Amino acid sequence: MDKAEIENIIPARFRAQFGTSGVDMDRLREMRFRIGQPVELFDGKRYILGAQRVDRSDLKEMLAYISGYSLYAFEEEIAQGYITIPGGHRVGMAGQVVMERGSVKNIRNIAFINVRLSHEVIGCAQKASSCLQENGKVLNTLIISPPGCGKTTLLRDMVRILSGGAEDAGGKTVTVVDERSEIAGCYRGVPQNDVGCRTDVLDGCPKSEGMMMAVRSLSPEVIAVDEIGGKKDVQALQYVMNCGCAIIATVHGENFQEIRDKPEVGDLIGQELFGRYIILRNAGEPGVIREIRDKRGEVIAWKG
């Protein structure tokens, strides 16, 4: 991670403290700025950045840096609650929500900013990727992970490997439906993270709509999506699978049994539509695999 890239969006009066905070820059995940509160950093441990408290002028300064002094140009992104900045980092915002016809139009009087830092771990999916194919065909794969265990990091690296033509995975045409701009981390439409040379990205597109669009217009061999959940997502997954396109998706869950018992996703599992299940565990680093299961849900041996 480029330290200067991060420091450049921090209010000037906090930069000296940031440099001496003791936080591990390679593991830094979040920076939180709340009016009336001290700055909080998180790298697996929580740090309070000195005694100074954030005020409204600090957040105005940050928003100017983040938006290139043109906050109005990012009104659509702000209505979704975040802006993606160079490097693929995501700046979440909260404040006074303005509604129009039942939808969020804007967020004014922003009083809370959470900078979520993008971390690529190149190669973290190399072991898992070795069991994603049979006879040259990518298997429908579901990554099951508790929060904070690196499912998005693992998914991103799987896309890179599949798309890049690694020796054990071939070179596939991949479409990433990146609803929250977390997989590719696009800035002005261009991925800031390495997602491989044969990957197309639908940035900021809802998963269910994006999967349908990808099949109709981009002819992918593989579609990757993060955090499936609702009925629309599951219906879109079934549509994609029926079209002969492979799916690699993630879902929040503590274990295989928990996901199997969920109504919508559990139906897909019952129909044996996924060929692989990759279950992650909390090990203090992203993408650590607890077990891999086959389409029947049985644990399989794999090269690890």
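Residues numbered from 1 in each chain as written. Predicted model: local features only at pLDDT ≥ 70, side-chain atom pairs only at ≥ 80, totals over all residues. Heavy atoms only, no water.

1. Comments concerning helix α7 (residues 207-217)
Each α-helix turn comprises 3.6 residues. Residues three or four places apart therefore point the same way.
Inference 1: For α7, the complete set of buried residues consists of Lys 207, Ser 208, Gly 210, Met 211 and Ala 214.
Inference 2: The elements touched by buried residues of α7 are β10 (174-178), β13 (199-203), β14 (222-225), α8 (231-242) and β15 (246-252).
Inference 3: Positive backbone phi, at 50 degrees, marks Ser 219, one or two positions downstream of α7. (Buried < 20%, exposed > 50% of the residue type's maximum accessible area, 1.4 Å probe, protein only. Helix = DSSP H or I, 4+ residues; strand = E, 2+ residues; numbered from the N terminus. Contact = heavy atoms within 4.5 Å.)

2. Remarks on the sheet that holds strand β17 (residues 289-293)
Inference 1: In spatial order, the strands read β13-β10-β14-β15-β9-β16-β17; together these 7 strands make up an open sheet with mixed pairing. This sheet does not close on itself; its edge strands, each paired only once, are β13 and β17. Each neighbouring strand pair of the sheet contributes to a mean axis angle of 15 degrees, computed without reference to strand direction.
Inference 2: Summarising the sheet, β10 and β13 pair through 5 bridges and their orientation is parallel. By the bridge assignment, Asp 178 is partnered in β13 with Asp 203.
Inference 3: Along the sheet, α7 makes contact with β10, β13, β14 and β15, crossing β14 at roughly 165 degrees. (Pairing = 2+ DSSP bridges. Axes fitted to C-alpha atoms, helices over the stretch in contact; angles between N-to-C directions.)

3. Quick word on unusual backbone geometry
Inference 1: At Asn 135, a residue that is not glycine, the phi angle is positive and equals roughly 55 degrees.
Inference 2: Following the sequence through the fold, Asn 135 ends up in the loop between β7 (133-134) and β8 (137-138).
Inference 3: One non-glycine residue, Glu 227, lies in positive phi territory at about 60 degrees.
Inference 4: With respect to the helices and strands, Glu 227 occurs in the loop between β14 and α8.
Inference 5: Take Glu 227: its relative accessible area is 22%, and that puts it in the partly exposed class.

4. Thoughts on the sheet that holds strand β2 (residues 39-42)
Inference 1: The 6 strands are arranged β3-β2-β1-β6-β5-β4 in an open sheet whose pairing can be described as antiparallel. Bordering the open sheet on either side are β3 (46-49) and β4 (82-85), each of which pairs with just one other strand. Pairwise comparison of adjacent strand axes, ignoring direction, gives a mean angle of 35 degrees for this sheet.
Inference 2: Relative to strand β6 (residues 103-116), strand β5 (residues 89-100) runs antiparallel, the two being bridged by 10 bridges. Bridged to Val 97 within β6 is Ile 107.
Inference 3: Seen against the sheet, helix α3 (residues 56-67) touches β1 (30-34), β4, β5 and β6 and runs at an angle of roughly 100 degrees to β6.

5. A look at the packing of aromatic side chains
Inference 1: Taken as a whole, this structure holds 3 aromatic pairs when the rule is applied.
Inference 2: For the pair Tyr 65 and Tyr 69, a centre-to-centre distance of 6.4 Å together with 85 degrees between the ring planes defines the contact as edge-to-face.
Inference 3: Consider the rings of Phe 256 and Tyr 277, whose centres lie 5.0 Å apart with planes at 70 degrees: the pair is edge-to-face. Taken as a pair, Phe 256 in helix α9 (residues 256-260) and Tyr 277 in strand β16 (residues 276-280) lie far apart in primary sequence, 21 residues in all. With respect to class, Phe 256 is no different from Tyr 277; both count as buried.
Inference 4: A network of ring pairs unites the aromatic residues Phe 256, Phe 274 and Tyr 277 as a single cluster. (Phe/Tyr/Trp six-rings, centres within 6.5 Å; stacked < 30°, edge-to-face > 60°.)

6. Digging into the pattern of salt bridges
Inference 1: Tallied over the full model, the rule gives 17 salt bridges.
Inference 2: For Glu 30, the salt bridge is made with Arg 32, and the minimal N-O distance between the two is 3.3 Å.
Inference 3: The class of Arg 32 is partly exposed, set by a relative accessible area of 24%.
Inference 4: A salt bridge links Glu 227 to Arg 180, with the shortest nitrogen-to-oxygen separation between them at 2.8 Å. (Salt bridge = Lys/Arg side-chain N within 4 Å of Asp/Glu carboxyl O.)

7. Let's talk about the confidence of the model for the protein
Inference 1: For the protein, the mean per-residue pLDDT works out to 89, and 95% of the residues sit at or above 70.
Inference 2: No element of the protein has a lower mean pLDDT than helix α1 (residues 3-7), which averages 76, and none a higher one than β14, which averages 98. (pLDDT = per-residue confidence, 0-100.)

8. Quick word on the packing of α7 against α8
Inference 1: Orientation of α7 relative to α8, taken along the N-to-C sense of each, is 15 degrees, at an axis distance of 8 Å. Taken together, the axes of α7 and α8 are roughly parallel relative to one another. Read as a crossing pair, α7 and α8 show a hand that is left-handed. Between α7, through Lys 207, Ser 208, Met 211, Met 212, Val 215 and Arg 216, and α8, the contact on the second element is made entirely by Lys 232, Asp 233, Ala 236, Leu 237, Tyr 239 and Val 240.
Inference 2: By residue class, the composition of the contact of α7 with α8 is 7 nonpolar, 1 polar and 4 charged. (Parallel < 35°, antiparallel > 145°, perpendicular 65-115°, else oblique. Left-handed = near helix turned anticlockwise from the far one by under 90°. Nonpolar A, V, L, I, M, F, W, Y, C, P; charged D, E, K, R; others polar.)

9. Section: helix α6 (residues 151-164)
Inference 1: In this model α6 runs 20 Å from its N-terminal to its C-terminal C-alpha over 14 residues, within 8% of the 20 Å that 1.5 Å per residue would give.
Inference 2: Counting buried positions over the 14 residues of α6 gives 13, a clear majority of the element. (Expected span 1.5 Å × (residues − 1).)

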